[in-house]
Amino acid sequence: MVNRSRRSRRSAASAASVVSLAGALAVLGALASCGTEGGTAGASPRPAVLTGRTGGDSPPGAVPGRAAASPSDAVPTATGDAGRSGTRCRTSELRAAVGRMDPGAGQRNFPVVLTNVSSRTCTLYGYPGAAFVDASGAQLGPDPERSPGGAATVALAPGESAWAGLRYASPGASGARTATPAALLVTPPDEREPLKVPWRAGPVPVAGNASTVFLTVLEPGDGP
């Protein structure tokens, strides 16, 4: 009886130990499960990967919050020739003038002349800019349109000139609304600063039918 009683107590103690160990394991398992739900407990969150793009339509390397610049936002340079940009005539190196009117069939034609007044040879390429302005400097009418034509580099030694044709329909024949400019602003190709030429040729079309003014590409000389 004594031995059987001791064996019973040892069996009960062993069973209790097993139950206690199982309970501890269950508690640890529950804690582990709580810690891993939604991420590992105590671990630092993974940093986001930065791509340098603000959206699917933004180009790689775009500055966040700023649209990519278009070519019209860039500083103008001579067209298609890096060497020409280093030799092109600057506004400060040129003098502008408007030559004598050459009347045509219902047209008025003027040579707009740019002369090299510097001590170096420089180049012009393409179309000049032009705008009629009143005495206060306000522009009269829209910008001239460019007549189709093949551009070529014009090299100007000191004192030499290039010209572009400025033409419009005679206001008396076209019936366009007119204004009389105080000056014509002429901007050399790829420059920003214009040259101011007094306008003495009377009214020009600024609105309405047949009011468009046209410019041709620059070519050597001071007129046709």
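For every chain, the first residue of the written sequence is number 1, and numbering continues from 1 onward in sequence order. Totals for whole chains, interfaces and linings use every residue, but because this is a predicted model, local features are given only for residues with pLDDT of at least 70 and side-chain atom pairs only at 80 or more, for both listing and counting. Hydrogens are left out, water is left out, and the side-chain values use all remaining heavy atoms of the structure.

J.: Would you mind going over the overall build of the protein with me for this structure?
T.: Per the convention used, a helix needs a DSSP run of H or I reaching at least four residues, while a strand needs a run of E reaching at least two, with both numbered from the N terminus. Summing up its helical and strand segments, the protein has 3 helices and 15 strands in all. Within the protein, contacts between residues at least 6 apart in sequence are counted, and of these 74% link residues at least 24 apart. Note on areas: Shrake-Rupley, 1.4 Å probe, and residue coverage restricted to the protein chains presented here. Surface summary for the protein: the accessible area is close to 14000 Å², and the carbon and sulfur share equals 55%. What makes two residues a contact is simply this: any of their non-hydrogen atoms within 4.5 Å.

J.: What exactly am I supposed to notice about the nonpolar core here?
T.: Most often, soluble globular proteins keep nonpolar side chains buried together rather than apart. Membership of the largest hydrophobic core comes to 28 residues, with the highest contact counts inside it found for Leu114, Leu124, Phe132, Leu166, Leu184 and Trp199. Per-element accounting of this core gives the leading share, 4 residues, to strand β9 (residues 161-169). Those residues within four positions of Leu184 in sequence are excluded, and the remaining contacts are Val98, Val112, Ala130, Ala131, Phe132, Leu166, Leu195, Lys196, Val197 and Trp199. Among the buried residues, those of types Ala, Val, Leu, Ile, Met, Phe, Trp, Tyr and Cys that are joined through side-chain atoms within 4.5 Å form a nonpolar core. To sort residues, take the accessible area from a 1.4 Å probe on protein chains only and compare it with the maximum for the residue type: under 20% means buried, over 50% means exposed, and anything in between is partly exposed.

J.: Even after reading the chapter, I still don't get the packing of aromatic side chains, so can you show me in this structure?
T.: Think of a pair of aromatic rings as described by two things: how far the centres are apart, and how the planes are tilted against each other in angle. Stacked, tilted and edge-to-face are the three classes applied to pairs of Phe, Tyr and Trp rings, where Trp contributes its six-membered ring and a pair requires centres within 6.5 Å; stacked means planes under 30 degrees apart, edge-to-face means over 60, and tilted covers the rest. In total, this model carries 3 aromatic pairs according to the counting rule given. Relative to Tyr168, the ring of Phe110 lies with its centre 6.1 Å away and its plane at 25°, an arrangement referred to as stacked. Placement of Phe110 in strand β3 (residues 107-116) and of Tyr168 in strand β9 is noted, with a sequence separation of 58 residues between them. For the pair formed by Phe110 and Tyr168, the shared burial category is buried. Relative to Trp199, the ring of Phe132 has its centre 4.9 Å away and its plane inclined at 75°; by these criteria the two rings are edge-to-face. Placement of the pair is Phe132 in strand β5 (residues 129-133) and Trp199 in the loop between β12 (195-198) and β13 (204-207), with a sequence separation of 67 residues. Phe132 gets classed as buried once you look at its relative accessible area, which sits at 6%. A network of ring pairs unites the aromatic residues Phe110, Phe132, Tyr168 and Trp199 as a single cluster. For a ring to carry a charge above it, either NZ of a lysine or CZ of an arginine must fall within 6 Å of the ring centroid while also lying within 35 degrees of the normal to the ring plane. If you follow Arg167 out to its NZ or CZ, it ends over the ring of Phe214, 4.4 Å from the centre.

J.: What is the right way to read the state of the cysteines from this model?
T.: In a disulfide, the sulfur atoms of two cysteines are held together by a covalent bond. A pair of sulfur atoms, both from cysteines and within 2.5 Å, is called a disulfide here. On inspection of all chains with the given rule, the structure shows 1 disulfide. The disulfide bridge from Cys89 ends at Cys122, spanning 2.0 Å between sulfur atoms. Handedness of the Cys89-Cys122 disulfide follows from its S-S torsion of about 90°: it is right-handed. Linking Cys89 in the loop between α2 (82-87) and β1 (94-98) with Cys122 in strand β4 (residues 122-124), this pair joins segments that are 33 residues apart in sequence. According to the relative accessible area criterion, Cys89 is buried, its value standing at 1%.

J.: Hey, could you run me through the side chain of Thr115 in this one?
T.: Tracing the chain through its elements places Thr115 in strand β3. Contact partners of Thr115, with chain neighbours within four places excluded, come to Glu93, Leu94, Arg95, Gly159, Glu160 and Ser161.

J.: Even after reading the chapter, I still don't get the confidence of the model for the protein, so can you show me in this structure?
T.: The quantity known as pLDDT measures the predictor's confidence residue by residue, on a range of 0 to 100. Looking at the protein as a whole, its pLDDT mean stands at 73, while 62% of the residues score no less than 70. A low-confidence stretch, residues 1-83 (pLDDT under 50), is modelled with 24 contacts involving residues beyond four sequence positions or located in other chains.

J.: Would you take a moment to explain the sheet that holds strand β6 (residues 139-140) for this structure?
T.: Strand pairs in the sheet, formed through backbone hydrogen bonds, run parallel or antiparallel to each other. A pair of strands counts as paired when DSSP detects no fewer than two bridges linking them. The 4 strands are arranged β6-β5-β11-β12 in an open sheet whose pairing can be described as antiparallel. The open sheet has two edge strands, β6 and β12, and neither has a second partner. Examined bridge by bridge, β5 and β6 share 2 bridges and lie antiparallel to one another. Its bridge partner being in β6, Phe132 is matched across the sheet by Leu140.

J.: Before we go on, may I ask you to explain unusual backbone geometry in this structure?
T.: Its identity is not glycine, yet Asp190 carries a phi of approximately 65°, on the positive side. Relative to the elements of secondary structure, Asp190 occurs in the loop between β11 (183-187) and β12. Its identity is not glycine, yet Ala210 carries a phi of approximately 55°, on the positive side. By secondary structure assignment, the location of Ala210 is in the loop between β13 and β14 (213-215).

J.: Any chance you could explain the pattern of salt bridges here in plain terms?
T.: Two side chains carrying opposite charge are able to pair once their charged atoms lie near each other. The term salt bridge refers to a side-chain nitrogen of Lys or Arg lying within 4 Å of a carboxyl oxygen of Asp or Glu. Taken as a whole, this structure holds 3 salt bridges when the rule is applied. Here Glu191 makes a salt bridge to Arg90, at a shortest N to O gap of 3.4 Å. You can see Glu191 sitting in the loop between β11 and β12 and its partner Arg90 sitting in the loop between α2 and β1, a full 101 residues away along the chain. In this structure Glu191 comes out as buried when scored by relative accessible area, which is 17%. Classification of Arg90 as partly exposed rests on a relative accessible area of 32%. Among the ionic pairs, Arg120 bridges to Glu93, the shortest N-O distance being 2.6 Å. Taken as a pair, Arg120 in the loop between β3 and β4 and Glu93 in the loop between α2 and β1 lie far apart in primary sequence, 27 residues in all. On the accessibility criterion, Arg120 (29% relative accessible area) is partly exposed. When salt bridges that share partners are traced, they join Arg88, Arg90 and Glu191 into one network.

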